[in-house]
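The lines below spell out each chain.
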Amino acid sequence: MDSATYLEAGLDDASPTYLSIYGALFLVGSMAAARTEDRSTVREFLAEVNRAAQRLGHDANHMWTAFSPTNVAIHRISTAMELGDIQIAADQGPRVDSSTLPLERRVRHMLEIARTYSAQNRMDEALALVLDAEELAPEQVRYHFIPRHLVTAWVRQQRGKPSHLLVGVAQRLSIVA
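Residues numbered from 1 in each chain as written. Predicted model: local features only at pLDDT ≥ 70, side-chain atom pairs only at ≥ 80, totals over all residues. Heavy atoms only, no water.

Undergrad: Can you walk me through the packing of aromatic side chains in this structure?
TA: Each aromatic ring pair is characterised by the separation of its centres together with the angle its planes make. All told, the structure shown has two aromatic pairs when counted by the stated rule. Taking the centre distance of 5.0 Å and the plane angle of 90 degrees together, the rings of phenylalanine 26 and phenylalanine 45 count as edge-to-face. Of this pair, phenylalanine 26 sits in helix 2 (residues 16–35) while phenylalanine 45 sits in helix 3 (residues 39–56); the two residues are 19 residues apart in sequence, bridging distant segments of the chain. Side by side, phenylalanine 26 and phenylalanine 45 carry an identical accessibility label, which is buried. An aromatic cluster is defined as three or more aromatic residues linked by ring pairs; in this entry it consists of Tyr22, Phe26 and Phe45. (Phe/Tyr/Trp six-rings, centres within 6.5 Å; stacked < 30°, edge-to-face > 60°. Helix = DSSP H or I, 4+ residues; strand = E, 2+ residues; numbered from the N terminus. Buried < 20%, exposed > 50% of the residue type's maximum accessible area, 1.4 Å probe, protein only.)

Listed below in structure tokens is the structure:
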């Protein structure tokens, strides 16, 4: 909040870069608040970041922040998942078109939707998204906590022999030999 308070003074005539830095700060804060289950702060931060995104008005990547209205929508889904609001994430997640964002953000969104589907026991759809994400950015999928957590859980939950698709991704993530 100290950084945000400092930056508020420049919001009246803020450039797109300034808005992006300001907004990115609140996006990070919204995720931190969600991880501590502070719903009121999540709502407050997402409202503030939404105002900044609306002022920016378009998807952009100023200062490599990927701050934009679309990235705000993605963070709404991520914070919903962190807060255990699976149905909200499931309803909103697939409707967000992340195609204008940098690859990292697009893949992260795919992984978040996969996490949502997995929480709804829609493993085939979740696995398909992990595989699609892996095709786009194999290194990101290999080292990101979401696919590693999902695939580990799926392997442990299997009754009988897992599918060759699941075995393949588990091997590429070094979860099984």
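Undergrad: I keep staring at the pattern of salt bridges and nothing clicks. Help me out?
TA: Within this structure, the stated rule accounts for nine salt bridges. With a closest N to O distance of 2.6 Å, glutamate 134 and arginine 172 form a salt bridge. Within this pair, whereas glutamate 134 is found in helix 7 (residues 123–136), its partner arginine 172 is found in helix 10 (residues 164–172), the two being separated by 38 residues in sequence. A relative accessible area of 40% places arginine 172 in the partly exposed class. Connected via shared salt-bridge partners are Arg35, Glu82, Arg108, Glu112 and Arg115. (Salt bridge = Lys/Arg side-chain N within 4 Å of Asp/Glu carboxyl O.)

Undergrad: Any chance you could explain the side chain of serine 68 here in plain terms?
TA: Of note, serine 68 is situated in the loop between helix 3 and helix 4 (69–82). In terms of polar contacts, serine 68 uses its side chain to reach the backbone amide nitrogen of asparagine 71, at 3.1 Å. Look past the residues within four positions of serine 68 in its chain and what remains in contact with it is Ala53, Leu56, His58, Asp59, Ala60 and Leu101. (Polar contact = N/O pair within 3.5 Å; in protein donor to acceptor, adjacent residues only side chain to side chain. Contact = heavy atoms within 4.5 Å.)

Undergrad: What is the right way to look at the nonpolar core in this model?
TA: A general trend in soluble globular proteins is that nonpolar side chains are found buried together. Grouped together as the largest cluster of nonpolar side chains are 22 residues, with contacts concentrated most on Leu111, Val130, Val141, Val151, Trp154 and Val169. Listed by contribution, the elements that provide at least two residues to this core are helix 6 (103–119), helix 7, helix 9 (145–157) and helix 10. Grouped together as the second largest cluster of nonpolar side chains are 20 residues, Leu7, Ala33, Leu46 and Leu83 included. (Core = buried A, V, L, I, M, F, W, Y, C linked by side-chain atoms within 4.5 Å.)

Undergrad: Hey, could you run me through the packing of helix 3 against helix 4 in this one?
TA: A pair of packed helices can be characterised by two numbers: the angle between their axes and the separation between those axes. Two elements in contact, helix 3 and helix 4, have axes separated by 9 Å at closest approach and are oriented at 165 degrees. Comparing the axis directions of helix 3 and helix 4 gives the class roughly antiparallel. In the crossing of helix 3 with helix 4, the sense of the turn from one axis to the other is left-handed. Side by side, helix 3 and helix 4 meet where Val42, Leu46, Val49, Asn50, Ala53 and Gln54 of the first sit next to Pro69, Val72, His75, Arg76 and Thr79 of the second. Considered class by class, the residues forming the contact of helix 3 with helix 4 number six nonpolar, four polar and one charged. (Axes fitted to C-alpha atoms, helices over the stretch in contact; angles between N-to-C directions. Parallel < 35°, antiparallel > 145°, perpendicular 65-115°, else oblique. Left-handed = near helix turned anticlockwise from the far one by under 90°. Nonpolar A, V, L, I, M, F, W, Y, C, P; charged D, E, K, R; others polar.)

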